[in-house]
Amino acid sequence: MSFYRSLVRPLDRLKPRLKRLPGAVPLARVLRYCLDARYRSEWHLRRARAPDLFQVTGYTMPGRYPVLFAGLARALADRRAARILCFGCSSGEEIESLRALIPDAVFVGIDINRHSIALARRRLAGTAVLLIHSGRIGPPGEARFDAIVCMAVLQRTELNQQLPARCTPLLSFAKFEAAIADFDRNLTTGGLLLLQHSNFRFTDTAASKRYAAAAELPARLPETAKYGRDDRLIAEAGAEALLYRKLAEAA
Ligand SMILES: C[S@@+](CC[C@H](N)C(=O)[O-])C[C@H]1O[C@@H](n2cnc3c(N)ncnc32)[C@H](O)[C@@H]1O
């Protein structure tokens, strides 16, 4: 728990009443900005309007996706020293959970939030995990990835809470599709893509035609709002696969 959280926790019960006091909300924001480094880093990210930014909050926790990560581990069972990229790894808990399941894998973590990457470096100190402060993967290096994991990144909390009819200007399908194209270029043929909590459907992208849903994980009903290629809210999005295997390279 952060220092700020431990400080304000005793006031949780009084919060609704405190919020009604004149000036209380702006004062609380200033206090939080001064005392909570994660809040501060997210405030600056939001303000900078970085074109690559998807989800702003770095919320994560250890063991957040036990079933999904176990499915990925099963799908990678025949690969030795698989190269796994965690895109939007936040403070590294996700990599820690995956390392426990796939100990011989080689991990790379990327996050657009410099503060989160610093926390991840501290958490994963003494391991061979490579942690990069960036908003995209960029052109493929010599070794592409056997799996790319992208959990709770390609979304915005505001869309899930307020369900506006259109997702622009917060996010757009074009931006989602560009991120998927970046993943696709950096994934080996036969490689796996694990996507959870996105505001768009992987199957709506052009690249998805060269992928098949992997049998190791059953389809699930989405827990986030879904928007179509036209950036309009989809009233009732059906179940979707979360784990995909790349079958072929782009022509
Ligand atoms: C809600 S957290 C998810 C953390 C972790 N993947 C999980 O599911 O527990 C979203 C993370 O995505 C990061 N993020 C947002 N846009 C990004 C981008 N373009 N490139 C890399 N990271 C990004 C944020 O900084 C944040 O740490």
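The structure this text deals with has already been given above.
Worth saying up front: this structure is predicted, and the values here are computed from it rather than measured. (Residues numbered from 1 in each chain as written. Predicted model: local features only at pLDDT ≥ 70, side-chain atom pairs only at ≥ 80, totals over all residues. Heavy atoms only, no water.)

> Please clarify how the overall build of the chain should be interpreted in this entry.
Looking only at helices and strands, the chain has nine helices and seven strands in total. The C-alpha radius of gyration computed for the chain amounts to 19 Å, which stays within 12% of the reference 18 Å derived for 251 residues, consistent with globular compactness. For the chain, the spread of C-alpha atoms along the principal axes amounts to about 60 × 45 × 30 Å. The proportion of buried residues among the 251 residues of the chain is 46%. Residue pairs in contact within the chain that sit at least 24 positions apart in sequence constitute 73% of those at least 6 positions apart. For the chain, the exposed area adds up to about 13,300 Å²; of that, 57% sits on carbon and sulfur atoms. Positive and negative side-chain charges in the chain, numbering 39 and 24 respectively, have mean positions lying 8 Å apart. (Helix = DSSP H or I, 4+ residues; strand = E, 2+ residues; numbered from the N terminus. Rg over C-alpha atoms; globule rule 2.2 N^0.38 Å. Buried < 20%, exposed > 50% of the residue type's maximum accessible area, 1.4 Å probe, protein only. Contact = heavy atoms within 4.5 Å. Areas by Shrake-Rupley, 256 points an atom, 1.4 Å probe, with all protein chains shown as cover. Lys, Arg positive; Asp, Glu negative; His and termini not counted. Charge placed at Lys NZ, Arg CZ, Asp CG, Glu CD.)

> Which parts of the structure should I look at to understand the site of the ligand?
Of all residues adjacent to the ligand, which total 22 residues, the nearest are D52, T60, Y65, E94 and D111. Measuring from an oxygen atom of the ligand, one finds a side-chain N or O atom of T60 at 2.6 Å. The contact in question runs from a nitrogen atom of the ligand to an N or O atom on the backbone of I112, over 3.2 Å. In isolation the ligand has 600 Å² of accessible area, and contact with the protein removes 99% of it. Across the shell around the ligand, the residue classes tally to nine nonpolar, nine polar and four charged. (Near = heavy atom within 4 Å. Polar contact = N/O pair within 3.5 Å; in protein donor to acceptor, adjacent residues only side chain to side chain. Nonpolar A, V, L, I, M, F, W, Y, C, P; charged D, E, K, R; others polar.)

> Can you help me understand the packing of helix α3 (residues 24–35) against helix α4 (residues 37–48) in this one?
Helix-helix packing is characterised by the crossing angle of the two axes and by the distance between the axes. In contact at an axis separation of 6 Å, α3 and α4 are set at 105° when each is read in the N-to-C sense. The angle between the axes of α3 and α4 places the two elements in the roughly perpendicular class. Residue-level inspection shows R29, R32, Y33, C34 and L35 of α3 in contact with α4, the latter providing A37, Y39, R40, W43 and H44. Looking at side-chain class alone, the contact of α3 with α4 contains six nonpolar, one polar and three charged residues. (Axes fitted to C-alpha atoms, helices over the stretch in contact; angles between N-to-C directions. Parallel < 35°, antiparallel > 145°, perpendicular 65-115°, else oblique.)

> I tried to follow the packing of helix α5 (residues 66–75) against helix α6 (residues 93–101) on my own but got confused; where do I start?
Between α5 and α6, the shortest axis-to-axis distance is 10 Å and the interhelical angle comes to 45°. The angle between the axes of α5 and α6 places the two elements in the oblique class. Of the two elements, α5 crosses α6, and the hand of that crossing is right-handed. For the pair α5 and α6, the contacting residues are F69, A70, L72 and A73 in the first and E94, S97, L98 and L101 in the second. Of the residues assigned to the contact of α5 with α6, the class counts are six nonpolar, one polar and one charged. (Left-handed = near helix turned anticlockwise from the far one by under 90°.)

> Would you take a moment to explain the state of the cysteines for this structure?
Considering all chains together, one arrives at zero disulfides under this definition. Between C86, a cysteine without a disulfide, and C89, which holds the nearest cysteine sulfur, the sulfur-to-sulfur distance is 6.8 Å. Exposure remark for C86: the relative accessible area of 0% places this residue in the buried category. (Disulfide = S-S within 2.5 Å.)

> Whenever I open this one, the environment of G191 confuses me. Can you help?
Tracing the backbone through its elements, the reader meets G191 in strand β5 (residues 187–196). Residues G191 and A75, spaced 116 residues apart in sequence, show a C-alpha to C-alpha distance of 9.7 Å. If we skip the residues at most four places from it in the chain, G191 touches R79, D146, Y244, R245 and K246.

> Explanation requested: the side chain of H197 in the structure shown.
Within the element layout of this structure, H197 appears in the loop between β5 and β6 (211–213). The residues touching H197, leaving out its near neighbours within four places in the chain, are R64, Y65, A152, V153, L154, Q155, E223 and T224.

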